[in-house]
Amino acid sequence: MEKTTKRSNKATMSKTHENDSRLEEFFHDELKDIYWAEKHLVKTLPKMAKAATAQDLKTAITDHLEVTKGHVTRLEQVFESLNQKPQAKKCEAMEGITKEGESIIEDTEDGTSTRDVGIILACQKVEHYEIATYGGLAQLAKTLGYEDAAGILTKTLAEEKEADKGLTELAENTVNEQAHAE
Ligand SMILES: [Fe+2]
């Protein structure tokens, strides 16, 4: 009887172990995905800032570019805390969202608030993707017992939320009305 219990405990433990490594692998893959996405944003945000007309919007994007560079560094710290080398894996979703942003720029006239509305929309899609990712990854890090990684990911999550809020305010307070009037 005792033997059976021991055996089944062992079986449960190895099953848990197996699930853990599967979950770990998934976690690492998702980190590579967002690492690629953040690095990609460092390249694309300047184009967005350049295409914007309202000075407040240009500033918001340029400020977020600096914050984004910090997110790249933070992800490197996360990899380091897991004893992993930082690795990027192409994020198809982020590539799609930024391509959509580029086509919004192509489809709208230079110097118009309508283009600014489009840029805000595109940037908010980026932020929402990041909020979903960092929220999920911070939770997953906690589940896996990676407290340091969870703390770092939570800091970035807060900054993405703040950027999103800033863009909403910009749309509500000025840009949408200006576009509506032009
Ligand atoms: Fe970010």
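All figures in this text were calculated on a predicted structure; none of them were measured in a lab. Residue numbers restart at each chain and count upward from 1, following the sequence in its written direction. Local features in this predicted model are restricted to residues of pLDDT 70 or higher, and side-chain atom pairs are both shown and tallied only at a pLDDT of 80 or more, whereas totals for entire chains, interfaces and linings draw on every residue. To get the side-chain values, all heavy atoms of the structure are used, and hydrogens and water are removed first.

J.: Got a minute to help me understand helix 2 (residues 55–81) in this structure?
T.: Within an α-helix, residues lying three or four positions from one another point in the same direction, as the helix has 3.6 residues per turn. Relative to the 39 Å expected for 27 residues at 1.5 Å per residue, helix 2 spans 39 Å between its end C-alpha atoms, a close match to the ideal helical length. Burial classes follow relative accessibility: with a 1.4 Å probe on protein chains only, a residue under 20% of its type's maximum area counts as buried, one over 50% as exposed, and anything between as partly exposed. In this description a helix means any DSSP run of H or I spanning at least four residues, a strand means any run of E spanning at least two, and both kinds are numbered starting from the N terminus. Among all positions in helix 2, only Leu57, Ile61, His64, Leu65, Thr68, His71, Val72, Arg74, Leu75, Val78 and Phe79 are buried. The first or second residue beyond helix 2 is Asn83, which carries a positive phi of 60°. One less than the number of residues in a helix, times 1.5 Å, gives the span that helix is expected to have.

J.: What am I meant to see in the coordination of the iron ion here?
T.: In an ideal tetrahedron of four donors about a metal, each angle is 109.5 degrees. In an ideal octahedron of six donors, the angles are 90 or 180 degrees. Around the iron ion, the donor atoms from the protein are Glu38 (OE), Glu38 (OE), His71 (ND1), Glu130 (OE) and Glu160 (OE), and they sit 2.0 to 2.7 Å away. With water excluded from the atoms, a metal site may look incomplete; its donors are any N, O or S atoms within 2.8 Å, or within 3.2 Å for Na, K and Ca. Of note, the iron ion draws all its donor residues from one chain, in the sequence arrangement E-x32-H-x58-E-x29-E. You can see His71 sitting in helix 2 and its partner Glu130 sitting in helix 4 (residues 113–143), a full 59 residues away along the chain. The same class applies to His71 and to Glu130, which are both buried.

J.: How should the side chain of Arg115 be read in this particular structure?
T.: The residue Arg115 is located in helix 4 in this model. Under the relative-accessibility criterion, Arg115 is labelled buried at 9%. Note on contacts: a residue pair qualifies if any of its non-hydrogen atoms lie within 4.5 Å across the two residues. Setting aside residues up to four positions removed in sequence, Arg115 forms contacts with Ala51, Ile105, Thr108, Glu109 and Asp110.

J.: Which parts of the structure should I look at to understand the pattern of salt bridges?
T.: Any carboxyl oxygen of Asp or Glu within 4 Å of a side-chain nitrogen of Lys or Arg constitutes a salt bridge here. Applying the stated rule across the entire model yields seven salt bridges. Here Glu66 ties to Lys69 by a salt bridge, and the two come within 3.2 Å at their closest N and O atoms. With Glu66 and Lys69 both in helix 2, this residue pair falls three residues apart, about one helical turn. Given the relative accessible area of 47%, Glu66 is considered partly exposed. One salt bridge in this structure joins Lys125 and Glu100, with 2.6 Å as the shortest N-O distance. Of this pair, Lys125 sits in helix 4 while Glu100 is found in helix 3 (residues 92–107), placing the two residues 25 residues apart along the sequence. For Glu100, a relative accessible area of 34% gives the class partly exposed.

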